[in-house]
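Chain residues, written in single-letter form:
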Amino acid sequence: MGENIPNGIGASPRRKEDQRFLTGAGNYTDDINLQGQTYAYFLRSPHASAAIKKIDTKAAAAAPGVVGIFTGADLAEAKVGGLPCGWLITDVNGQPMKEPPHPPLAQGKVNHVGDQVAVVIAETYFQAKDAAELIEVDYEVLDAVADVATATQPGKPAVHDIAPDNVCYVWGHGDKAAVDKAFTGAAHVTTLEFRNNRLIPNAIEPRAAIAQYSRSEDSYTLHVANQNPHVERLLMTAFVLGLPEHKVRVIAPDVGGGFGSKIFLYAEETVITWAAKRVNRPIKWTCERSESFMSDAHGRDHATKAELALDKDGKFLAMRVHTKANLGAYLSTFGSSVPTILYATLLAGQYATPAIYAEVTGVFTNTVPVDAYRGAGRPEATFVVERLVSKAALEMGIDQAEIRRRNFIKTFPYATPVGLTYDTGNYEATLAAAIKIADVAGFPARRDEAKKRGKLRGIGYSCYIEACGLAPSNVAGALGARAGLFESGEVRVHPTGSVTVFTGSHSHGQGHETTFAQVVAERLGIPFENVDVVHGDTGRIPFGMGTYGSRSLAVGGTAIMKAIDKVVAKGKKIAAHLLEASDSDIVFENGNFKVAGTDKQVAFGQVAFAAYVPHNYPLDKLEPGLNETAFYDPTNFTYPAGSHICEVEVDPETGVTKVVNYVASDDFGNIINPMIVEGQVHGGLAQGIGQALLEQAVYDYETGQLLSGSYSDYTMPRADDVPSFKVDTQVTPCTHNPLGVKGCGEAGAIGSPPAVISAIIDALKDLGVREMAMPATPYRVWQTIQSARA
Amino acid sequence: MNMKLSFKVNGKAVEAEVDPRTLLVQFLRDHLHLTGTHVGCDTGQCGACTIHLNGRAVKSCNMLALQAQGAEVTTIEGLAAPSGDMHPMQAAFKECHGLQCGFCTPGMVMSATALLKENPHPSEEQIRAGLDGNFCRCTGYHNIVKAVQTCAGGR
Amino acid sequence: MYAFQYHRPGNIGEATALLGKLGEGKALAGGQTLIAAMKLRLAQPSDLVDLGGIAELSGIRADGDVLVIGALTRHADVAASADVGKRIPALAQLAGGIGDRQVRAVGTLGGSIANNDPAADYPAGVLGLGATVVTSQRSLAADEFFTGLYETALKPGELIKSVSFPVPKRAGYAKFANPASRFALIGVFVSQAANGTVRVAVTGAGNGVFRSAELEKALTANFTAAAAAAVRISADSCNGDIHASPEYRAHLVSVMAGRAVAAALA
């Protein structure tokens, strides 16, 4: 592949997107201004839990510039529904999960700091904000609960009446009896108890939206920073506002990063869409960062106890995992599925563990809703598996690579005991490559040299797997998904042979405009420059599911491939007519339709022209035009996997950990654009290292106040917090999509946290350290060393 | 009470009357429609709003427009040559894939150019330290560092 | 941000007159803290007196054994100054480590010490060097200037004009940055004057910069990194928050003191 077209598959053309982004010509939601627009500001709860006795908006309504003020009562009167959850989880007793109402503006009670209480719409943003301060809310402050580990204990305040013990569901997965039996005969059991730290996604572009109502068309247009505009529209119209779907256009223009946090339907854009008709003016809302901290869905926040049973040779016999997952105050769009479907199904990792059982308790707390954040369930699963494996190796005196090799899955397809079937992989290949690149052989010398400088070096491994390319819709549906998981692609060939591709996937940094164009250029044999990719507008693209779960290329790319197949099939018929040959004799090669075995051919562009100027055309048999659409529903997940090796140096005096070497060898299947793939890995690694070393959303467990509510207290990875990375790829092509691709967007964030933590523990093992909580801040590392010494 | 503001933006004289509480970034975006300068936080930390004020990288979200009285301001829109050719730093970011979503990019590029002005041949460590006022959530900084190195090497 | 009146005086006299007259007025230097606080509606001055137009407030001048730095001198200028680098390199290094590149281009010496954030760097330098704060009304020794949490001896309407730093025999500053904010989780400034007097100022630990008598005593006896690092600081004098316990802060004071002395001796 790739040899026929300069910027085809496997090449690294520089990105089409970059010209506009580098010159300030990007078009993000907040860059857009509409004639006559007003500005919205949301009054938010300062309390984690409080009853609203009364809201008085009189003074605010009279403030300068105010166009409208709305509260939960106004929405209730207008019969606006609650924000829906997109995945039904059924508990161990066959009961559906508890689904408390999630009103876009609070009705009678607020349930987390930042919960929306009212919206003020004014001529200027300053005026909206000034007026909001004049709204008098009479709160009766109630006891709050914020700690996932203790929220279900008797006597804790209930976030919702329908879940008096704060339990949304207790969900089980796997063969419990087989696991319990395997544990009784185990030679060794390794146990791990830990928190997977709560994170805040922090895309650098804050959420933003502009809603507009057209009286002439009786229709709405919503610009919103979002990863999946059709899903946004479907949820908003069908479940909340009761609007006809065809009367709402959702546009997600340039979006400044998502990482999951812009998948979801949020209250703010829903409210302003509704209010745009009420005030008959466009309404713009841009989240301030301080608001983002308390309104963007957070990630992770598990309390887990996990056990691994091994035989005397270090072969895994069984794994048992109990997790309490914080869901926050409400069920966010996919909040219920992340710690269940996307978590427990990954607990086999790369290993042939015969029996696995996981039980997950979904817990309500008075905190911001928790949902997908880069990796979504899979980093949490990988942390469980890889920390158990590393700890078991240390306890049993087995080399870290060796224990993994002994347990790797080696034959494919492989059906795991947690419901997935891995189609292909080569785990030894990535591990061997990582060991070589990381110069593991030279590690003892480096460790000794560091010791002379008073620093402690350690090395940590992580062999992760993820399930991407979500997914077969029927499988997801059986598991409780309330949406399909296909993707759409339309290939519009223009009369002159250039092509516009309309994809249901959405790029918010991934570079679809480049990668997808490479695929199309390669397959149609036309110049890369002649292909444009359009995404993010329900008014232009066919119904698509958007971008999350590293699915764009595997699912969206395949949909485009299917559309191309249709284009080529029709092109063959046109070419057969032009070449006076039989359809079945036409082959398509390097941009030309040829009569097989002859030198008779016609170029793709000529066929396109004939399709639109059908003077010499089989009009009796064939419609004119060359414009094909395909929808693709995958037959399986894809399974990217890889091996990461992290080397750290710890200053035992201060607790400072420096990542001095980081190697990732990944198998993403075939690769379209290596440059972009490497960039995706780099970004994921920084987020994973951020989770391991720096980032944590901290709540006061008594009051439910968010203590890390700004960049002064929430540590974002900066350039000097991370090293340059060494990345490598090994290839086993995915067996069930035509591109053979698996997805690469989340791997870095999934694989890295356990590698970093295990490296720190390795560095400190001689001091007696066996566990290290995340994030391993200098303070925490120092504390852990003190405790180990005590 | 609105106040008179006069300064230069991207080489052009600008005169305006502004509400004193208008931040420089708000003035650039809302009054001059120079939307390449972005706002990523409200505590002066993320650096997405970085511009050049009298040749130095500053955060335009953390100063009043009136504080730029008489100053020369350059935004990302003013960095490329009048011909439209990208500044070498912009070109290096493209060549090295030093951007993904593009949101932090204008600020990052403005900081990076200021960095090289101060230290034309920085080490990797100096580059990383020198970008301490800019967050990027996409790239892991790897290719940003490479872009700055490439730009420095190409001088 | 709440609405306010804006003033831009051309000289110190006008500025102090305005500040004297305006009850809830505040002087605006670089504004790197003040503007941020106003944006979050944590500060609500009725008036801002922008000092940006007063050229006489900026500049660095060596005057015998004293280095005089104007109140409006930007951190980046102090960091890059050959005069500072030659006479008090520790001060240049301190200025070069404040905030980040963009903050250093705008933030000022006067603004920093007038705000007296308990985790700011400059107060440690000013106190650790025994500098004199020259205001529109008087000269104040550093020991008198910093009076508590965000508190100084400045009176309403009084403006810092410059700070005079005596050039020490040697000095060093070691900062352990808060990973998130990059303010000092702990910063220790040590200096040894020509006459042998040792001063040690600690920032980030408590409710404001302070001198450590224990460290000064130990270093007066033996000006070595080991002597500093051996001093145990009581955790009672240190704050605890989500970033560090009092014990960790106290421990870091010793470690950073040792590293500051090592830097001074290097």
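Residues numbered from 1 in each chain as written. Chains lettered and ligands numbered in written order. Predicted model: local features only at pLDDT ≥ 70, side-chain atom pairs only at ≥ 80, totals over all residues. Heavy atoms only, no water.

Colleague: Mind laying out the overall build of chain A, listing which residues take part and the relevant values?
Modeller: Counting secondary structure elements, chain A contains 19 helices and 28 strands. Taken against the 2.2 N^0.38 rule, which gives 28 Å for 790 residues, the C-alpha radius of gyration of chain A at 27 Å falls within 12% of a compact globule. Over its C-alpha atoms, taken along the principal directions, chain A stretches across nearly 90 × 70 × 50 Å. Looking at chain A residue by residue over its 790 residues, the buried ones come to 66%. Sequence-distant contacts in chain A: of pairs separated by 6 or more residues, those separated by 24 or more amount to 80%. In the structure as shown, chain A presents an accessible area of about 25600 Å², 50% of it carried by carbon and sulfur atoms. Distance from the positive charge centre (71 side chains) to the negative charge centre (87 side chains) of chain A: 2 Å. (Helix = DSSP H or I, 4+ residues; strand = E, 2+ residues; numbered from the N terminus. Rg over C-alpha atoms; globule rule 2.2 N^0.38 Å. Buried < 20%, exposed > 50% of the residue type's maximum accessible area, 1.4 Å probe, protein only. Contact = heavy atoms within 4.5 Å. Areas by Shrake-Rupley, 256 points an atom, 1.4 Å probe, with all protein chains shown as cover. Lys, Arg positive; Asp, Glu negative; His and termini not counted. Charge placed at Lys NZ, Arg CZ, Asp CG, Glu CD.)

Colleague: Give me the lowdown on the state of the cysteines, citing residues and values where you can.
Modeller: Residue and element names in this part refer to chain A. A complete count under the given rule lists 0 disulfides over all chains for this structure. Looking at the unpaired C85, the closest cysteine sulfur is the one in C168, lying at 7.5 Å. A relative accessible area of 6% means that C85 is categorised as buried. (Disulfide = S-S within 2.5 Å.)

Colleague: I'd love a proper account of the domain arrangement of chain A, names of residues and values included.
Modeller: Residues and elements named next belong to chain A. One can read the domain layout of chain A as domain 1 (18-26 + 486-632), domain 2 (36-144 + 206-256 + 262-293), domain 3 (159-195 + 298-401) and domain 4 (423-475 + 636-790). With centres defined by C-alpha atoms, the gap from domain 3 to domain 4 works out at 19 Å. In this complex, domain 3 contributes 28 residues to the contact, which on the side of domain 4 involves 37 residues. Taken together, both faces of the contact between domain 3 and domain 4 bury some 2700 Å²; the carbon and sulfur share is 56%. (Domains from an automatic or database assignment. Buried area = accessible area lost by both parts, 1.4 Å probe.)

Colleague: Any chance you could break down the interface of chain B and chain A for me, citing the residues and the numbers?
Modeller: On the side of chain A, 52 residues touch chain B, which itself brings 45 residues to the contact. Note on chain B versus chain A: buried area summed over both sides is about 4200 Å², and carbon and sulfur give 55% of it. Counting the contacts that link chain B with chain A gives 5 salt bridges. R21 of chain B is paired through a salt bridge with D130 of chain A; the nearest N and O atoms lie 3.1 Å apart. Ranked by residues supplied to the side of chain B that touches chain A, first place goes to helix α2 (residues 88-95) of chain B with 4 residues. Here the residues of the side of chain B that touches chain A are counted per class, giving 18 nonpolar, 16 polar and 11 charged. (Salt bridge = Lys/Arg side-chain N within 4 Å of Asp/Glu carboxyl O. Nonpolar A, V, L, I, M, F, W, Y, C, P; charged D, E, K, R; others polar.)

Colleague: Give me the lowdown on the nonpolar core, citing residues and values where you can.
Modeller: Formed by 209 residues in total, the largest nonpolar core has its most connected members in L347, Y662, I760 and L764 of chain A together with F93 of chain B. With sequence-adjacent residues up to four places away left out, L764 of chain A is seen in contact with L456, V650, V769, M772, V781 and I785 of chain A. (Core = buried A, V, L, I, M, F, W, Y, C linked by side-chain atoms within 4.5 Å.)

Colleague: How would you summarise the interface of chain A and chain C if you had to cite specific residues and measurements?
Modeller: With 23 residues of chain A at the contact, the number on the chain C side is 22 residues. Note on chain A versus chain C: buried area summed over both sides is about 1900 Å², and carbon and sulfur give 52% of it. Counting across the chain A and chain C interface gives 6 salt bridges. For D720 of chain A, the salt bridge goes to R182 of chain C, with nearest N and O atoms at 2.9 Å. Taken together, the links from chain A to chain C amount to 15 residue pairs in polar contact (both at pLDDT 80 or more). Of the residues belonging to the side of chain A that touches chain C, the class tally is 9 nonpolar, 5 polar and 9 charged. (Polar contact = N/O pair within 3.5 Å; in protein donor to acceptor, adjacent residues only side chain to side chain.)

Colleague: An account of the packing of aromatic side chains is needed here, citing residue identities and associated values.
Modeller: The final tally for this structure, using the stated rule, is 30 aromatic pairs over all chains. Here the aromatic residues F316, Y351, F408, F412 and Y427 of chain A are joined through ring pairs into a cluster of three or more. Positioned above the aromatic ring of Y2 of chain C, the side-chain terminus of R41 of chain C is 4.5 Å from the ring centre. (Phe/Tyr/Trp six-rings, centres within 6.5 Å; stacked < 30°, edge-to-face > 60°. Lys NZ or Arg CZ within 6 Å of the ring centre and 35° of its normal.)

Colleague: I'd like a rundown of the sheet that holds strand β13 (residues 198-203) of chain C, residues and numbers included.
Modeller: All names here are of chain C. Across the sheet, 4 strands lie side by side as β11-β12-β13-β14; this open sheet has antiparallel pairing. Single-partner strands in this sheet number two, and they are β11 (170-177) and β14 (210-211). Two elements, strand β12 (residues 184-192) and β13, share 6 bridges in a ladder whose sense is antiparallel. Within β13, the residue paired with G187 across the bridge is T203. Along the sheet, helix α5 (residues 89-96) makes contact with β11 and β12, crossing β11 at roughly 20°. (Pairing = 2+ DSSP bridges. Axes fitted to C-alpha atoms, helices over the stretch in contact; angles between N-to-C directions.)

Colleague: Outline unusual backbone geometry, listing residues and values.
Modeller: Residues and elements named next belong to chain A. The peptide bond linking F412 to P413 adopts the cis configuration, its omega dihedral lying at -5°. Checked against the element boundaries, P413 lands in the loop between α10 (400-407) and β16 (414-415). The residue after M774, namely P775, is reached through a cis peptide bond having omega -10°. By the secondary structure assignment, P775 is in the loop between α18 (747-764) and α19 (778-789).

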